[in-house]
Amino acid sequence: MFQTFKEWFWLERFWLPPQVKWSDLEDHDGLVFVKPSHLYITIPCAFGLLIIRHFFEKFIATPLAKAFGIKEDIQKVIPNTILENFFKHSTRHPSQTDIYGLSKKCTLTERQVERWFRRRRNQDRPCRMKKFREACWRFAFYLMITVAGIAFLYDKPWVYDLWQVWNGYPRQPLLPSQYWYYVLEMSFYWSLLFSLGSDVKRKDFLAHVIHHLAAISLMSFSWCANYIRSGTLVMIVHDVADIWLESAKMFSYAGWKQTCNTLFFIFSTIFLISRLIIFPFWILHCTLVVPMLYLEPFFSYIFLNLQLIVLQILHLYWGYFILKMLKTCIFLKNIQDVRSDDEDGYEEEEEEEEEEEEATKGKGRDCLKNGLGADRHLIPNGQHGR
């Protein structure tokens, strides 16, 4: 049964233009052609990247974060069995009625119960150190892969003449640079997919899953159908903007707002040009229109372009968020990642206000103990209680 499915799955009519056979893509005369088995190495390479990422975050990203003044702020709440059970088994956001009942059970004030739940929620949220490490790793990889992509593609004729993308298709031999470019890119996206469970979760978590799966599917399909030339163009167009986004995040977590804003403007410009102009009017035109001048429509041509259209829809989705953030930056002079949980900032600000309030009260008590008033002037004897 498996053999029957395999033979059906690899039928030439699904993957190749009419009149072309798999035998036409056999290695000969020193020329190497793509094979699906070449992609098996991307899985172990993905785990290798996860190992490299672990050591990178530990020995490079963490010291760099500390140099920027970022600390691992982990707030530990006072253990309370009743509140902890309610937090885990009922709700993380108790109603006012719940708070009143819990305060009676724990002999705490309602304010103290509210504070306990807020700090307990904050304890589960990723700290700035974790966010910085993730952004730093992605910045390092995108920088490396972009430089590598430019080095791989700068002397290729199809970069400057899109007609060359289809010249001789599908009998186009595989170059070593194309092989390693694909392997590195696919391995990275596999590693991102494997680490989604432990990475910082945002509002567009589902979009990220779809994006990573679409990217892996697109690269795998383009490899098997020998759309290598157009595939490398798609990858370089995507990678060139991501460097600036990750660097902007790094400086945002470090508190360098002006630098963050500048980098985000650069990212926005490159993103809007590369993914909303170059990608649809250059890449999609190359894959959708140009091949029809050489070939008759066939299955893999249709399937490839459907995936690219899905990718373009995701570009429009993220473009909406980017424009929203640009609006925030222009009118409020501050960039906030609109994909993050809106409640995080509120609770952090309220926590800081409470800490300031407690510190003020503490200073007031110290002053009273030393015979000083709130304005730090001496209180006459016998007037402390007035």
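Structure's up top.
Caption draft 1: Looking closely at helix H5 (residues 96-106). Among all positions in H5, only Ile-99, Leu-102, Ser-103 and Cys-106 are buried. Take H5 and look down its axis: the buried residues cluster within an arc of 105°, on one side only. Exposed and oriented more than 90 degrees from the buried face of H5 are Thr-97, Lys-104 and Lys-105. Positive backbone phi, approximately 55°, marks Thr-107, located one or two places after H5.

Caption draft 2: Quick look at the packing of aromatic side chains. Evaluated as defined, the whole model comprises 41 aromatic pairs. When the ring of Phe-5 is compared with that of Trp-8, the centres are 5.9 Å apart and the planes differ by 35°; the resulting orientation is tilted. Of this pair, Phe-5 and Trp-8 are both found in helix H1 (residues 2-9), three residues apart, which corresponds to roughly one turn of the helix. Judged by relative accessible area, which is 47%, Phe-5 ranks as partly exposed. Judged by centre distance (5.6 Å) and plane angle (80°), the ring pair of Phe-68 and Phe-251 falls under edge-to-face. Taken as a pair, Phe-68 in the loop between helix H3 (42-67) and helix H4 (81-89) and Phe-251 in helix H11 (residues 228-254) lie far apart in primary sequence, 183 residues in all.

Caption draft 3: How the structure looks around a nonpolar patch on the surface. A surface patch of nonpolar side chains, about 420 Å² in accessible area, is lined by Ile-51, Phe-55, Phe-59 and Ile-60. As for its position among the elements, Ile-51 is in helix H3. Note on Ile-51: relative accessible area 51%, which makes it exposed.

Caption draft 4: Representation of the environment of Phe-279 in the model. Turning to its location among the elements, Phe-279 is positioned in helix H12 (residues 257-288). For Phe-279, a relative accessible area of 0% translates into the label buried. Taking the C-alpha atoms as reference, Phe-279 lies 9.5 Å from His-315; in sequence the two are 36 residues apart. Setting aside its immediate chain neighbours within four residues, Phe-279 contacts Val-234, Val-237, His-238, Ser-274, Leu-284, Leu-308, Leu-311, Gln-312 and His-315.

Caption draft 5: Examining the nonpolar core more closely. In this structure, Tyr-142, Trp-223, Tyr-227 and Phe-279 are the most contacted members of the largest nonpolar core, which totals 70 residues. Residue contributions to this core peak at 10 residues, all from H11. When residues no more than four places from it in sequence are discounted, the contact partners of Tyr-227 are Trp-166, Tyr-169, Tyr-182, Phe-221, Ser-222, Phe-298, Ser-300, Tyr-301 and Leu-304. Within the second largest apolar cluster, 16 residues are counted, among which are Ala-248, Phe-267, Ile-322 and Met-325.

Rules and cut-offs
Residues numbered from 1 in each chain as written. Predicted model: local features only at pLDDT ≥ 70, side-chain atom pairs only at ≥ 80, totals over all residues. Heavy atoms only, no water. Buried < 20%, exposed > 50% of the residue type's maximum accessible area, 1.4 Å probe, protein only. Helix = DSSP H or I, 4+ residues; strand = E, 2+ residues; numbered from the N terminus. Arc of directions from axis to C-beta. Phe/Tyr/Trp six-rings, centres within 6.5 Å; stacked < 30°, edge-to-face > 60°. Patch = residues over 30% accessible without salt bridge, like charges linked within 9 Å, V, L, I, M, F, W, Y side chains within 5 Å. Areas by Shrake-Rupley, 256 points an atom, 1.4 Å probe, with all protein chains shown as cover. Salt bridge = Lys/Arg side-chain N within 4 Å of Asp/Glu carboxyl O. Contact = heavy atoms within 4.5 Å. Core = buried A, V, L, I, M, F, W, Y, C linked by side-chain atoms within 4.5 Å.

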